[in-house]
Amino acid sequence: MDRIIIKEIYMKELDRKRNIRIYLPVDYYENENKRYPVIYMHDGQNLFDHQLSYSGHSWEVKETLDRMQENGEIEGFIVVGIDNNQEGFKRLDEYSPWKNEEIESLLERGIKDGAGGEGKEYAEFIVKTLKPYIDENFRTLSDRENTIVAGSSMGGFISLYIGFKYQDVFSKIGAFSTAAWFKEGELLEFLREEGQREEMKVYLDIGTEETSNDNEPNFKDYYINGTIRIYETLCEFMDKQNIKLIIDEGATHSEIHWAKRFPEFIRFIK
């Protein structure tokens, strides 16, 4: 039986439809009494299939989790990949609760009202519509200890927002190559305001070659220093043992390197 299931779901909070891709563990159909923790991930098209991935290389989530479970490293995870909105720049809208009206690439295309601003509704969709659907239809461990949210770039940005906004639902966050630059001030202020109401684990990573724009004097600030500032902010109110920061020398802003670091994330949260 297929262990990657594709379902179309109505996002009532945003009044649009979206495909979700559900990965089931190696032994899901064999062990009918076993339940599994769930990782909710963004940019679902990029997680499992090289041909669908934006870069031509997927995160290799299935291969990695299959191998780790077969090797006895993990008991298995269900992964729910939520496809991004490929209509124009709606992906950016959904992945930030705050608008950014100064993105040069958008202004050059005549998009004057910026991007972002739908992240609150997107988060509500995951918590109020998607998670209940998954828990009802699949054998999940539905408590917060076994509910994780993760993503890369803007997906990392929105994962931090969702995880800290809904600490009663999520206990672990994975933020790969976070696009902190999108609205860093608002994000850091939000993290400080929310603080830690429940014990959390947060995985952060960044590559030293996230952008190839060497002529931009602040290019390191876009990703590397932004992620370091997120780490330092979390250290203000979290136990450092519950935060993992990886700075990957030579790594670019790509699925190839997120796939490479994905096993380390799984080891940290298991």
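Scroll up a little and you will see the structure.
Residues numbered from 1 in each chain as written. Predicted model: local features only at pLDDT ≥ 70, side-chain atom pairs only at ≥ 80, totals over all residues. Heavy atoms only, no water.

Time to look at the overall build of the protein. For the protein, the helix and strand inventory stands at nine helices and eight strands. For the protein, the proportion of its 270 residues judged to be buried stands at 58%. In the protein, the share of contacts with a sequence separation of at least 24, taken over all contacts with a separation of at least 6, comes to 72%. Taken as a whole, the protein presents about 12200 Å² of accessible surface, with 43% of it coming from carbon and sulfur. (Helix = DSSP H or I, 4+ residues; strand = E, 2+ residues; numbered from the N terminus. Buried < 20%, exposed > 50% of the residue type's maximum accessible area, 1.4 Å probe, protein only. Contact = heavy atoms within 4.5 Å. Areas by Shrake-Rupley, 256 points an atom, 1.4 Å probe, with all protein chains shown as cover.)

Our focus in this paragraph is the side chain of Thr64. Mapping Thr64 onto the fold places it in helix α2 (residues 61-70). Sequence-distant contacts of Thr64, that is, excluding residues within four places in its chain, are made with Phe262 and Pro263.

Note: most residues except glycine have negative phi, and most peptide bonds are trans. The phi torsion at Ser153 lies on the positive side, around 60°, for a residue other than glycine. Note that Ser153 resides in the loop between β5 (147-152) and α6 (154-165). In the Ramachandran plot, Ser177 falls in the positive-phi region, its phi being about 45° despite a non-glycine side chain. Topologically, Ser177 is positioned in the loop between β6 (172-176) and α7 (184-194).

Taken together, eight strands build an open sheet; the order of strands is β1-β2-β4-β3-β5-β6-β7-β8 and the sheet is mixed. Across the chains shown, the open sheet's two edge strands, defined by having one partner strand only, are β1 (4-11) and β8 (243-252). Pairwise comparison of adjacent strand axes, ignoring direction, gives a mean angle of 20° for this sheet. Where strand β7 (residues 201-209) and β8 come together, seven bridges link them in parallel fashion. (Pairing = 2+ DSSP bridges. Axes fitted to C-alpha atoms, helices over the stretch in contact; angles between N-to-C directions.)

In this section: the pattern of salt bridges. Applying the stated criterion to the full structure yields 24 salt bridges. Here Lys90 and Asp93 are joined by a salt bridge, their closest N and O atoms 3.7 Å apart. With Lys90 and Asp93 both in helix α3 (residues 90-94) and three residues apart, the pair spans about one turn of that helix. A relative accessible area of 26% means that Lys90 is categorised as partly exposed. Across the pair Lys172 and Glu145 runs a salt bridge, and its minimum N-O distance is 3.1 Å. With a gap of 27 residues between them, Lys172 in strand β6 and Glu145 in the loop between α5 (119-137) and β5 connect regions that are remote in the sequence. Residue classification places Lys172 among the buried residues on the basis of a relative accessible area of 6%. Judged by its relative accessible area of 44%, Glu145 is partly exposed. Taken together, the salt bridges that share partners define one network made up of Arg16, Arg18, Lys90, Asp93, Glu94 and Glu118. (Salt bridge = Lys/Arg side-chain N within 4 Å of Asp/Glu carboxyl O.)

At a minimum axis distance of 10 Å, the contact between α2 and helix α9 (residues 255-269) shows a crossing angle of 50°. Compared by their axis directions, α2 and α9 come out oblique. α2 and α9 meet at a crossing whose hand is right-handed. Mapping the contact onto sequence places Val61, Thr64, Leu65 and Met68 in α2 and Phe262, Pro263, Ile266 and Arg267 in α9. (Parallel < 35°, antiparallel > 145°, perpendicular 65-115°, else oblique. Left-handed = near helix turned anticlockwise from the far one by under 90°.)

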